[in-house]
Each structure stands twice: as C-alpha cells, then as structure tokens.
Amino acid sequence: MLFRSPVGWAEVPIHEINSYISNTINTQTEPDQLFELYSVPAFPTRLPELIKGGEIGSTKQSVQNGDVLICKINPRINRVWSVGKIDANPQIASSEWIVVRSPHLSSSYLRRFFSSPSFRELLCHGVTGVGGSLTRAQPKRVREFKIPLAPAPEQRRIASKLDTTLASVDACRQRLEGVATLIKRFRQAVLEAATSGELTREWREEQGFDSNIFHSKKIGDLVNEPLRNGKSVRDGNGDLVLRLSCLRAGSVDWRESKAGDWTDIAVERYLVQKGDFLVARGNGSKDLVGRGCLVSEEPPRMAFPDTMIRIRPDTSKIDPRYLAIAWDCQCTRDQLERGARTSAGIWKVAQGDLENIQIFLPVCFEEQHEIVRRARQLFSLADQLEAKLTAARQVVERLTPALLAKAFRGELVPQDPSDEPASVLLERIRAARQAEAAASKPSRRGRPKAAATSAPGVADAAPAPPDLLTNLLRECGALSSKALLAASELEPVRFAAQLELEQEAGRIRRIWEDGEALWEAVG
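All values reported here derive from a predicted model rather than from experimental measurement.

> Break down the overall build of the protein chain for me, citing the residues and quoting the values.
Secondary structure assignment for the protein chain yields 14 helices and 26 strands. For 523 residues, the compact-globule formula gives about 24 Å, and the C-alpha radius of gyration of the protein chain, at 32 Å, lies well above that figure. Structurally, the protein chain occupies a C-alpha span of about 105 × 60 × 50 Å along its principal axes. A fraction of 75% describes how many contacts in the protein chain between residues 6 or more apart in sequence connect residues 24 or more apart. Total accessible area on the protein chain is roughly 28,100 Å²; 52% of this is exposed by carbon and sulfur atoms. Averaged over its 72 positive side-chain charges, the protein chain has a centre that lies 5 Å from the centre of its 67 negative ones.

Right, dumping it as structure tokens:
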C-alpha cells in the first residue's frame, strides 16, 4: 500500500498491534450454556446468534468485546464486524473470521479501516481458492498488511466523525430506497387504473359515454392464431434465434440472440413479427415466470426459442400495446402464479395456462388507444424519476468509500499538534507485549529439560482441531481435495493426516459429482 503518513502518524503491520492468541472452544462440553455466536451467516443482521452449546456442531474461537473480525470467505464481500459488549453469555466466533485484538487502539477505527477500499483491495489480492465463495484471504498474508495508525486521540475523533457521517449516508440510502418503493407503487397504480377504467373516466365523460363499460376476456379469445411454443435448435450458421435473456423490462433486446441450425425445420413458423407478445415459459423465481414483452417495432429476421410462448393478438379485438399494459397488472400476475408449476426448482407455465388468463378491457376500441396514450405519459414520468434516482444512488454509493479514503489519509478531522504521536503509542504497545511475554515465560530454574525432538515438521506444529475439515465443509459445502487443502491452511503432509483422521472418524466422506471427487461433511 502506498501511504504518505500525516504528521504524527505511523504505518505498521497488523501483527505488531494484534495481541489476539487463538483459543478454541468445544461448546459440546457445555451443551446447555448459551453462547453469543458471531457467524458469517449472521453478519447481515449485525446481531450474533444466541445459541446453546449442544446445538453448535464444531469448535469455535473465543472472542471478547472490542475484537474486530475480518471475514476470510470471499473477501470481495465487505464483511468486518466488531464484537459488542458482553451480556451474560460467552462470546465465540466461527473459524472463518480473522480476529484482531488491540486494547490500546480504537476498535471502531480499526473496523472502519478494514472496511475501506484500500484494505479491501489488499485483502482480495492473492486469495486462494477456485473462485467465488470458495476464495479465502490468507491470515499469514493478512498479518503482514500495513495499517495507517493515527495518534490515539485522533483515532477516536476519526471514528466518531465516521460514525455520524456514515450514519447520515445510510439514512440517505434508506430514503432513496423509499423513493424506489414509491415509484414502483406509482407504476402499479397506473396499471390498475388503466385496466379498471379509472384512468379514462374523465375521457369517457367528455366523449359522452354513460358508464364504465369494461368486460373480461380470455387471452385465447383475443388471438388470431393459437399460442405457440418456440423451437430449440443447435448452434449453427442459419437464422438467428433469441435467447431467454432478451426479455427485458418492457422491450426485447435483439442483441441477445445466436445463430441456429435450422436444417429440416420450417423456420418461418417461428419468426417474430411486430405486435407479437413473447412470454417466458419458465424461471427459477416464481415472481418472474410468465413475464412478457411486446415486439413494438419491426424486428430483424429472428426466431424465438422453446423457452418462450408467442401470443399473436388479433388487432381487431385488442391493441397489442394494451395487452402489454394488462399483462403487467397485479390481477394478471396473480393468475400466472396460480397456474405455475415447479419441477426441479424451475417454475413453468403452459400454453393452456396463458390461454385462460382473464384480462379486463374496454368495449370501445378507441378507449384502448386512449389508455395506452395516457399510461405511456405517466410511465415516461416514472422513467424520468427513476433516472434521477439512479444518479442519486450512484452519488451516495461513492460517498462511503470516499469518506473512508479521506479519513485514513488524515484529511477527515483536524489534527492536534498536542496529540501523542503514534510512534510513542507503538512503543508502549511493544513494551506491553514484551512484558506479557516475559511474564508468561517459565523461569529457567527448575525447568525440566526439553525432550529430544525430531526434525522440524508436522510434529512441531500445534495440533489441528479434530473437526477442522468437517467445519470447513459445513461452512462451504462440498469441496475438492485441492480446494479443501487451500481452505484448511495446513501443510500438505498435515492435511493428508487430518483428512484420514476425520474420514476414519466418520465426520467426512468422499462423493462424486459430474465425475469429480469431492469431500462433504457427514450429517
């Protein structure tokens, strides 16, 4: 890290200020004791789990108030946690946290720095693992990372200023989320008004219509040809065929296509034309299955795949633009979800489901056109608001990293020349650690002679927890031997011994997936 220290600051490796000594706890020995568990899954709530020891399946680390936890798993996700004040229960953390303990420093200052873009960039550099959630930061490397250390009083001023400023940023972010919700409700209100007649009530009065004349019609009664599933074709050099990803919000993205092999297939039956309405047959999410898009302009020569159903409206009965409006309203959505069926985790709708969808439309064809015109004007307003909202969100998202960067350059709060320099603080930390080490070292007088040992190797290292690999597999799911070795941080010889030990104990087992050997936790 390139860092130019402000006056009175210092730059120091993490290990020089970290006094944490690993202390594992087997909670199974206290099955009825409640523990505060700082686990990775609990991090989004910012509240530790309150759980009995007998319900915890693996050994954990002992932590205490003021400890700062840096998540090793997939460090691109910014997960840094401060251990809070103890209530009445012991505090523990999973092995997927790197623990930093420094009573002489502000834990809030450390937490904020470990969340900063500069540290996050360091943490993500040189990770091990095959990618995604299997990547891990290496504690041996992390301990060498340097941190900018301000004088103790300035640390507290920086932490306090960041707490108040970032709280305001979070409040602004929440208000923007509230605006997004309002825009979404506005769009839905427009759709409901359009299909209930309320949107054109004044127009009907001006035209001299006596009442709101809407009727319910099935989709199957509003088409000029039967609904059709698309065709699945191999990649080739023939006509283009759309991908399911082409269905975007309100439009079709023609770039999402591929060249297909249409040998011996009548491609004309599957070509898309202006006015067609394309519906997604399946999706892993129930609230997305059946989403539809209108082909509102003359398309290029393009076929549609078997992941879609084509509705070709009869334009003498319904304006295709009105169909697109009616399709997005909540009453249509409810019918789609009632008809959807799931198989192997995929929700699907069939032609018969779509044919029986009931939509409300005005008897007067001219009113359909008026509804489309008015709805488009209102949606255009919503689009403008969303564009401004997106710009505001981008500004807000840049604020937090900018504030953190400014804070650790020494530019966020005024400096006080009377503050004790960080170099003096560091000397005090080093002296305290030397004193602790001297106090814990037994006197040479009466010390038993050390037994002869073999050459440095496996025997020299501290024994690993008996369920180390089991723990990792429970946290991450099934892993290959290579990925498990990287996650365990053991030397290869020790890893092989640990693997054999836990396999013989019945804690882990080998499985095969798609021809690849993996390890998984048992139970």
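> Go over the nonpolar core with me, naming the residues and quoting the values.
Ranked by internal contacts, the top residues of the largest apolar core, which has 43 residues, are Phe114, Phe119, Ile147 and Leu162. The biggest single contributor to this core is helix 5 (residues 152-196), with seven residues. Counting 35 residues, the second largest nonpolar core, distinct from the first, contains Leu227, Ile325, Ala340 and Val349.

> I'd like a rundown of the sheet that holds strand 9 (residues 97-100), residues and numbers included.
With antiparallel pairing, three strands are arranged side by side in an open sheet as 7-6-9. What marks the edges here is a single partner per strand, and that holds for strand 7 (80-82) and strand 9. The mean angle between the axes of side-by-side strands here comes to 25°, regardless of whether they run parallel or antiparallel. Alignment of strand 6 (residues 68-71) against strand 7, held across three bridges, turns out to be antiparallel.

Conventions and cut-offs
- Each chain has its residues counted from 1, running along the sequence as written.
- Whole-chain, interface and lining totals are the exception, using all residues; otherwise, since this is a predicted model, local features are given only for residues with pLDDT of at least 70 and side-chain atom pairs are given and counted only at 80 or more.
- Side-chain numbers come from the whole structure's heavy atoms, not from hydrogens or water.
- The helix and strand labels rest on DSSP assignments: H or I over at least four residues marks a helix, E over at least two residues marks a strand, and numbering proceeds from the N terminus.
- For the radius of gyration, the atom set is restricted to C-alpha positions; the globular benchmark scales as 2.2 Å times the number of residues to the power 0.38.
- Contacts between residues were defined by any pair of non-hydrogen atoms, one from each residue, lying within 4.5 Å.
- Each accessible area is a Shrake-Rupley estimate made with a 1.4 Å probe; only the visible protein chains count as cover when residues are assessed.
- Only four residue types enter the tally: Lys and Arg on the positive side, Asp and Glu on the negative side, with His and both chain ends excluded.
- By convention, charge coordinates are those of NZ in Lys, CZ in Arg, CG in Asp, or CD in Glu.
- In this text, buried Ala, Val, Leu, Ile, Met, Phe, Trp, Tyr and Cys residues form a nonpolar core when linked through side-chain atoms within 4.5 Å.
- Burial classes follow relative accessibility: with a 1.4 Å probe on protein chains only, a residue under 20% of its type's maximum area counts as buried, one over 50% as exposed, and anything between as partly exposed.
- By the convention used here, strands pair only if DSSP detects at least 2 bridges between them.
- An axis is simply a line fitted to the C-alpha atoms; with a helix, the fit covers only the stretch in contact. Between two such axes, the angle follows the N-to-C directions and lies from 0 to 180 degrees.

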